[in-house]
Amino acid sequence: MSESYRVGYALQPKKVDSFIQPSLVDHAKQEGIELIQIDPSKPLQEQGPFHCIIHKLHNQEWKKDLQEFSSKYPNTVIIDPPELVDRLHNRVSMLHAVTLLDNASVGVPKQVLVNDKIQELDLHFPVIAKPLAADGGAASHELSLVFDREGLNAFSVPTVLQEFVNHGGVVFKIYVAGECVKCVKRKSLPDISEEKLRTLKGALPLSRISNLGLQDEEVEKAEMPPQSLVGLLGTGLREALGLNLFNVDVIRDANEPTRYLVIDINYFPGYAKLPSYQSFITHFLLHVLRPKTA
Ligand SMILES: Nc1ncnc2c1ncn2[C@@H]1O[C@H](COP(=O)(O)OP(=O)(O)OP(=O)(O)O)[C@@H](O)[C@H]1O
Ligand SMILES: O=P(O)(O)O[C@H]1[C@H](OP(=O)(O)O)[C@@H](OP(=O)(O)O)[C@@H](O)[C@@H](O)[C@@H]1OP(=O)(O)O
Ligand SMILES: [Mg+2]
Ligand SMILES: [Mg+2]
């Protein structure tokens, strides 16, 4: 008789709706995996046993409950340790792992953390102002494009100022689930020419320009990054971060097309937007659950 595995998921209702689709539940079931919703308002111990738990909740009560459960049931695989996930909730620490890769074709845009009034700024305009906290709150996604010094008054601190890099209007999203790695492309902000820059003043919220990008057909035509680069980022960052479930936003420098820059890393992203995400996720879970043969 084949094994049956209990996988608990602790997610916000919005994420349950997008991620736990009937097609995923069915696909997992066919492989012997039962996906069980965890109610974070009730003690975890009353809801087990679990072979594995996946989660995207950050409150202290949940972390404490998970920690206690894990001490009591050390054989339950927790994907992933909350203290390592926390590193992705800060736009400075999230990119630290990229610098550990030590590869000439991969980097991060130049950025500075602003905690206070800005005196000297060793960055080229335009820059993108990103709230330091990337904790999933609505404010953490309120970014603005800043064209000059005057525009620097438009945001609250702490904020990361990151140089805007022209990249051909396409962002590559590398989705990682353990050893499973998949890259897709999406529309991004359009390039800003020197000429255009002379006419732009102050700052603009990104939400007001993000629909100005390329046509879908143009995105279709964009060349994908080499598979070796996708593998390097997926596997390398998985090791450097100590995490299994995340995606990486990468752009290709328009002025140096062999150079790729990581601009964002998200914990437990929208996997359901990937074609065949059901088999992608099930494959990952099976890899975690099945006993390893030597
Ligand atoms: N340094 C940069 N140079 C050029 N474009 C950038 C840069 N940083 C961000 N962008 C553009 O802005 C978008 C949003 O930035 P970012 O991914 O950092 O924000 P986010 O709110 O964390 O997004 P997500 O919804 O993926 O979590 C990117 O997808 C890309 O189109
Ligand atoms: O649903 P969630 O709140 O987890 O939203 C996440 C969203 O996935 P969704 O498509 O399921 O909304 C992700 O999208 P993709 O990168 O895959 O495009 C990404 O934007 C994350 O940054 C979001 O997480 P947050 O930073 O807000 O925690
Ligand atoms: Mg992003
Ligand atoms: Mg993000």
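The rules behind these values
- Residues numbered from 1 in each chain as written.
- Chains lettered and ligands numbered in written order.
- Predicted model: local features only at pLDDT ≥ 70, side-chain atom pairs only at ≥ 80, totals over all residues.
- Heavy atoms only, no water.
- Near = heavy atom within 4 Å.
- Polar contact = N/O pair within 3.5 Å; in protein donor to acceptor, adjacent residues only side chain to side chain.
- Areas by Shrake-Rupley, 256 points an atom, 1.4 Å probe, with all protein chains shown as cover.
- Helix = DSSP H or I, 4+ residues; strand = E, 2+ residues; numbered from the N terminus.
- Phe/Tyr/Trp six-rings, centres within 6.5 Å; stacked < 30°, edge-to-face > 60°.
- Buried < 20%, exposed > 50% of the residue type's maximum accessible area, 1.4 Å probe, protein only.
- Donors = N, O, S within 2.8 Å, 3.2 Å for Na, K, Ca; no water.
- Pairing = 2+ DSSP bridges.
- Contact = heavy atoms within 4.5 Å.
- Axes fitted to C-alpha atoms, helices over the stretch in contact; angles between N-to-C directions.
- Nonpolar A, V, L, I, M, F, W, Y, C, P; charged D, E, K, R; others polar.
- Domains from an automatic or database assignment.
- Buried area = accessible area lost by both parts, 1.4 Å probe.
- UniProt positions renumbered as here; feature names shortened; annotations may be inferred.

Turning next to the site of ligand 1. In the vicinity of ligand 1, 20 residues are found, and the nearest of them are Lys130, His141, Ser188, Asp264 and Asn266. With respect to ligand 1, the backbone of glutamate 163 contributes an N or O atom lying 3.0 Å from a nitrogen atom. In the model, an oxygen atom of ligand 1 is placed 2.8 Å from a nitrogen or oxygen of the aspartate 264 side chain. Within the complex, the protein chains bury 84% of what would otherwise be the 620 Å² of accessible surface of ligand 1. A per-element tally of the shell around ligand 1 places strand β14 (residues 260-267) first, with three residues.

Within this structure, the stated rule accounts for nine aromatic pairs. Ring plane angle 85 degrees and centroid distance 5.0 Å describe the contact between phenylalanine 19 and phenylalanine 268, whose orientation is recorded as edge-to-face. One end of the pair, phenylalanine 19, is in helix α1 (residues 13-19); the other, phenylalanine 268, is in the loop between β14 and α9 (277-289), and 249 residues separate them in sequence. Like phenylalanine 268, phenylalanine 19 is buried. Consider the rings of tyrosine 271 and phenylalanine 280, whose centres lie 6.2 Å apart with planes at 40 degrees: the pair is tilted. For the pair formed by tyrosine 271 and phenylalanine 280, the shared burial category is buried. In textbook terms, an aromatic cluster arises when at least three aromatic residues are bridged by ring pairs, as seen for Phe19, Tyr175, Tyr267, Phe268, Tyr271, Tyr277 and Phe280.

Another aspect to go through is the coordination of the magnesium ion (ligand 4). Those donors, Asp264 (OD), Asp264 (OD) and Asn266 (OD1), are the protein atoms that reach the magnesium ion (ligand 4), and they lie 2.1 to 2.6 Å from it. A separation of 3.9 Å is found between the magnesium ion (ligand 4) and the magnesium ion (ligand 3), both of which receive a donor from aspartate 264.

Spatially, five strands are ordered β5-β14-β13-β10-β11 in an open sheet, and the strand pairing comes out mixed. Looking at which strands have only one partner, the edges of the open sheet turn out to be β5 (106-107) and β11 (180-187). Strands in contact with helix α8 (residues 227-241) are β5, β10 (170-177), β11, β13 (245-252) and β14; relative to β13, the strand with the most contacts, it is inclined by about 135 degrees. Each of β10, β11 and β13 is contacted by α9, which is oriented at about 150 degrees to β11, the strand it contacts most.

Glancing now at the site of ligand 2. Among the 15 residues in the neighbourhood of ligand 2, the closest are listed as Lys56, His141, Tyr175, Gly270 and Lys273. Tyrosine 175 places a polar side-chain atom, nitrogen or oxygen, 2.8 Å from an oxygen atom of ligand 2. Between ligand 2 and the protein, one listed contact pairs an oxygen atom with a side-chain N or O atom of arginine 186 at 3.2 Å. For ligand 2, the protein covers 78% of the area, taking 540 Å² as the surface of the free molecule. In terms of residues, the shell around ligand 2 owes the most to one element, α1, which gives three residues. In terms of residue class, the shell around ligand 2 is made up of three nonpolar, six polar and six charged. Each of domain 1 (5-79) and domain 2 (87-277) gives at least three residues to the shell around ligand 2.

Let us now look at the domain arrangement of the protein chain. Domain annotation of the protein chain identifies domain 1 (5-79) and domain 2 (87-277). Look at where the C-alpha atoms of domain 1 and domain 2 centre, and you get two points 30 Å apart. Taken residue by residue, the interface counts eleven residues in domain 1 and eleven residues in domain 2. Summing both sides of the interface, domain 1 and domain 2 together bury roughly 920 Å²; the carbon and sulfur share of this comes to 64%. Where domain 1 touches domain 2, the interface holds six residue pairs in polar contact (both at pLDDT 80 or more). For the side of domain 1 that touches domain 2, the secondary-structure elements that each account for two or more residues are α1 and β3 (52-55). With three residues, α1 is the single largest residue contributor to the side of domain 1 that touches domain 2. Of the residues contributing to the side of domain 1 that touches domain 2, the split by class is five nonpolar, four polar and two charged.

UniProt feature "binding site: 1D-myo-inositol 1,3,4-trisphosphate" (unreviewed entry): in the numbering of this structure it lies at Lys15, Lys56, His141, Lys173, Asn266 and Gly270. Positionally, lysine 56 belongs in the loop between β3 and α3 (60-72). Each residue touching lysine 56, except ones within four places of it in the same chain, is listed here: Ala10, Leu11, Gln12, Lys15, Tyr267 and Phe268. At 2.9 Å, the side chain of lysine 56 forms a polar contact with the backbone oxygen of tyrosine 267. With respect to the secondary-structure elements, asparagine 266 resides in strand β14. Those residues within four positions of asparagine 266 in sequence are excluded, and the remaining contacts are Leu88, Lys173, Leu245, Phe246, Asn247 and Asp249.

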